[in-house]
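Here's the letter readout for the chains.
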Amino acid sequence: QLRGNQIQQARASLQEAIELNPLWIQPRLALAQIYLAAGDHNLAWEESKRILQAQPQNRTALLIGGAAQLRKGEPEKALALFMRAREIDPKDPVAHMDIGDVYLVQKKFPAALKEYEEALKLDPEKIEALGSVVAIQLLQGNRKAAFARAEQHLGKTKNQAAVYQILGELSLEGKNYTKGIEYLGKAVELSPNFLSAYFLIANTYVVQKKLDEAIEEYQKIVQKNPRALPAYMILGALHDQKQQHAKANEYYQKLLDINKNFAPAANNLAWNYAEYGEGNLDIALKLAQKAREISPENPDIADTLGWIYYKKGVMYSAVRLLKESSEKLNNKNPAGLYHLGMAYYQSSETALAREALSKALEIDAGFRGAEEAKKVLAAIEAKKGK
């Protein structure tokens, strides 16, 4: 059921297994992981605690319990659990990263850097640890060191595309647009499914007010190489930026004609059908489900699929996917928080809706959907007043 994304059914089956055999650890672990992924941090902690009472050295339960405590706003309790997990297996990079996350929350930057660097030493493929190292160095005002650290990692990882994306983001933040596009271009060349990189490239041209010039350049590329997938994808994103969604869809469809398993094109086409395709939600749903099947960990795809479920009135699936997407983006994406807040509102979870929508407006008061978010917040307050 979990593999088939039938989360509700899986929860029920696991709970029944536990009722039949309360001492069985495996279903408790699976249930704790489901609770954590769904944002039910109290329930995740309760299951982890029961496991640890029976097996104090269960490393997985320690990590899940620590993550639940951290998300509950209990960093000291989380740290104690993560420390115990690290003692059991000092060579596990995940425990080091989790400890680093606690130190980062506590603004203990040198200690956090030490843990993230140890995680990278143990497993150079933990690119999220590199991202945290770079983020800390930026917080400390040391852009040069952040850049050097990312470049240094290129020779140590098989996932060079992710490192090039980090370098691209660093360059764009420093307003070196030419270098930023160059790095992001290398990222999509190495990994054509890097959805966020395409949007960063398109947005960079928007900032520079060079949309038409960019379209002309990428059209030359596809004329020379009709199977240049990244170029088609960027052309679609550029036309989306110009609000020419029908034209963008032509490029996304060309991509899918060449490669039916190209997840970014399926995702963007699904989004455009849902938002601008005269309510063609059934086609949008099939495309988004296909994208999710190909790239199940991508938060942008989870957001698209969740929003389509919202529009179709399937609120349980909408909330689950939109919460997953927002958490993977560290609850810092205003559009994602808006989508999640609207799904909460339609599910009568008004406190959670208020929290998500307020945070979206706090991050960016002018995002697409901001006016609707304000109306819903006003409606919530009016109902509360009654």
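Relevant structure appears above.
> I tried to follow the overall build of the protein chain on my own but got confused; where do I start?
Assigned secondary structure in the protein chain consists of 22 helices and zero strands. For 386 residues, the compact-globule formula gives about 21 Å, and the C-alpha radius of gyration of the protein chain, at 22 Å, lands near that figure. Its C-alpha atoms give the protein chain principal-axis dimensions of about 65 × 55 × 40 Å. Out of the 386 residues in the protein chain, the part that is buried amounts to 48%. Taking the contacts inside the protein chain whose residues are at least 6 apart along the sequence as the reference set, 50% of them involve residues at least 24 apart. When the accessible surface of the protein chain is totalled, it reaches about 19,400 Å², and 50% of it is carbon and sulfur. In the protein chain, the 51 positive side-chain charges and the 46 negative ones have mean positions that sit 1 Å from each other.

> Looking at this model, I keep getting lost on the nonpolar core. Mind explaining?
Nonpolar side chains tend toward joint burial in soluble globular proteins. Counting 129 residues, the largest nonpolar core has Leu-167, Tyr-205, Tyr-218, Met-233, Leu-238 and Phe-262 as its most contacted members. Look past the residues within four positions of Phe-262 in its chain and what remains in contact with it is Pro-192, Asn-193, Tyr-198, Leu-229, Met-233, Leu-255, Leu-256 and Ile-294.

> Sorry, what's going on with the environment of Val-134 here?
In this fold, Val-134 is placed in helix H8 (residues 127-139). For Val-134, the residues in contact, after removing those within four places along its chain, are Ala-146, Ala-150, Ile-166 and Leu-170.

> Explanation requested: the pattern of salt bridges in the structure shown.
Once the charged atoms of two side chains with opposite charge are near each other, the side chains can pair. Going through the model one piece at a time under the given rule, you end up with 22 salt bridges. Lys-186 serves as the salt-bridge partner of Glu-182, at 4.0 Å between the closest nitrogen and oxygen. Taken together, the positions of Glu-182 and Lys-186, both in helix H11 (residues 177-190) and four residues apart, correspond to about one turn of that helix. The class of Glu-182 is partly exposed, set by a relative accessible area of 36%. What makes Lys-186 partly exposed here is its relative accessible area of 30%. Two residues, Glu-275 and Arg-368, come together in a salt bridge whose shortest N-O distance is 2.8 Å.

> Could you clarify how one ought to interpret the packing of aromatic side chains in this entry?
Each aromatic ring pair is specified by the distance between its two centres and by the angle formed by the two planes. Inspection of the entire model under this criterion finds seven aromatic pairs. Consider the rings of Tyr-205 and Tyr-218, whose centres lie 6.3 Å apart with planes at 80 degrees: the pair is edge-to-face. In this pair, Tyr-205 is assigned in helix H12 (residues 195-208) and Tyr-218 in helix H13 (residues 211-224), connecting sequence segments 13 residues apart. In this structure Tyr-205 comes out as buried when scored by relative accessible area, which is 14%.

> I keep staring at the packing of H13 against helix H14 (residues 229-241) and nothing clicks. Help me out?
The geometry of a pair of packed helices is captured by two quantities: the angle between their axes and the separation between those axes. Running from amino to carboxyl end, H13 crosses H14 at an angle of 155 degrees, the nearest separation of the two axes being 9 Å. Considering the angle they form, H13 stands roughly antiparallel to H14. In this structure, the crossing between H13 and H14 has a hand that is left-handed. Contacts from Leu-211, Ala-214, Ile-215, Tyr-218, Gln-219, Ile-221 and Val-222 in H13 reach Ala-231, Tyr-232, Ile-234, Leu-235, Leu-238, His-239 and Gln-241 in H14.

> What exactly am I supposed to notice about the environment of Phe-147 here?
When you line up the elements, Phe-147 lands in helix H9 (residues 143-153). For Phe-147 and Ile-166, which are 19 residues apart along the polypeptide, the C-alpha to C-alpha distance reads 8.8 Å. Phe-147 has contacts with Leu-167, Leu-170, Ser-171 and Tyr-183, leaving out every residue within four places of it along the chain.

> Quick question: what am I supposed to make of helix H3 (residues 41-54) here?
Helical geometry note: an α-helix holds 3.6 residues per turn, so side chains three or four residues apart project in the same direction. Here H3 is 14 residues long and its end C-alpha atoms lie 20 Å apart, about the 20 Å a rise of 1.5 Å per residue gives. At its buried positions, H3 is contacted by helix H1 (7-20), helix H2 (25-38), helix H4 (59-71), helix H5 (75-88) and helix H19 (315-328).

> Help me out: how do you make sense of unusual backbone geometry in this one?
Keep in mind that most residues, glycine aside, have a negative phi and that most peptide bonds are trans. One non-glycine residue with positive phi stands out, namely Lys-107, at about 60 degrees. You can see Lys-107 is positioned in the loop between helix H6 (93-105) and helix H7 (109-122). Judged by relative accessible area, which is 63%, Lys-107 ranks as exposed. At Asn-330, a position not held by glycine, the phi torsion is positive, near 60 degrees. Structurally, Asn-330 is set in the loop between H19 and helix H20 (334-346). With a relative accessible area of 55%, Asn-330 lands in the exposed category.

> Explain the environment of Thr-304 here, please?
One can find Thr-304 in helix H18 (residues 299-312). Judged by its relative accessible area of 3%, Thr-304 is buried. As for Thr-304 and Leu-377, which are separated by 73 residues in sequence, their C-alpha atoms are 23 Å apart. Setting aside anything within four residues of it in sequence, one finds Thr-304 in contact with Asn-267, Ala-270, Trp-271 and Ala-288.

Criteria and cut-off values
In this convention, every chain numbers its residues from 1, walking through the sequence in written order. The model is predicted, so local features are restricted to residues of pLDDT at least 70 and side-chain atom pairs to those at 80 or more, both for listing and for counting; the totals for chains, interfaces and linings are taken over all residues. Based on all heavy atoms of the structure, the side-chain values leave hydrogens and waters out of the count. Going along the chain from the N terminus, every DSSP run of H or I of four or more residues is numbered as a helix, and every run of E of two or more is numbered as a strand. Between the two quantities, the radius of gyration covers C-alpha atoms and the globule rule is 2.2 Å times the number of residues to the power 0.38. Residue burial is assigned from relative accessible area. The probe radius is 1.4 Å, only protein chains are included, and a residue is buried under 20% of its type maximum, exposed over 50%, and partly exposed in between. Here, residues are in contact when the closest pair of their heavy atoms is within 4.5 Å. The accessible surface values rely on the Shrake-Rupley method and a 1.4 Å probe; as for residues, cover is taken only from the protein chains in view. When charges are tallied, Lys and Arg are placed among the positive residues and Asp and Glu among the negative ones, while His and the ends of the chain are skipped. By convention, the charge on Lys lies at NZ, on Arg at CZ, on Asp at CG and on Glu at CD. What is meant by a nonpolar core is a set of buried Ala, Val, Leu, Ile, Met, Phe, Trp, Tyr and Cys residues, joined one to another through side-chain atoms within 4.5 Å. A side-chain nitrogen of Lys or Arg and a carboxyl oxygen of Asp or Glu constitute a salt bridge if their distance falls within 4 Å. Only the six-membered ring of Trp is used, alongside the rings of Phe and Tyr, when aromatic pairs are assigned; centres must lie within 6.5 Å, and planes under 30 degrees apart are stacked while those over 60 apart are edge-to-face, with the rest tilted. A fitted line through C-alpha atoms represents every axis, and for helices the fit uses only the stretch in contact; the resulting angles, taken between N-to-C directions, go from 0 to 180 degrees. Note that the term roughly parallel is reserved for angles under 35 degrees, roughly antiparallel for angles over 145, roughly perpendicular for angles of 65 to 115, and oblique for everything else. Should the near helix be turned anticlockwise from the far one by less than a right angle, the crossing is termed left-handed; should it be turned clockwise, right-handed. The span expected for a helix works out to 1.5 Å for each residue beyond the first.

What is shown is where atoms sit, not what they do.
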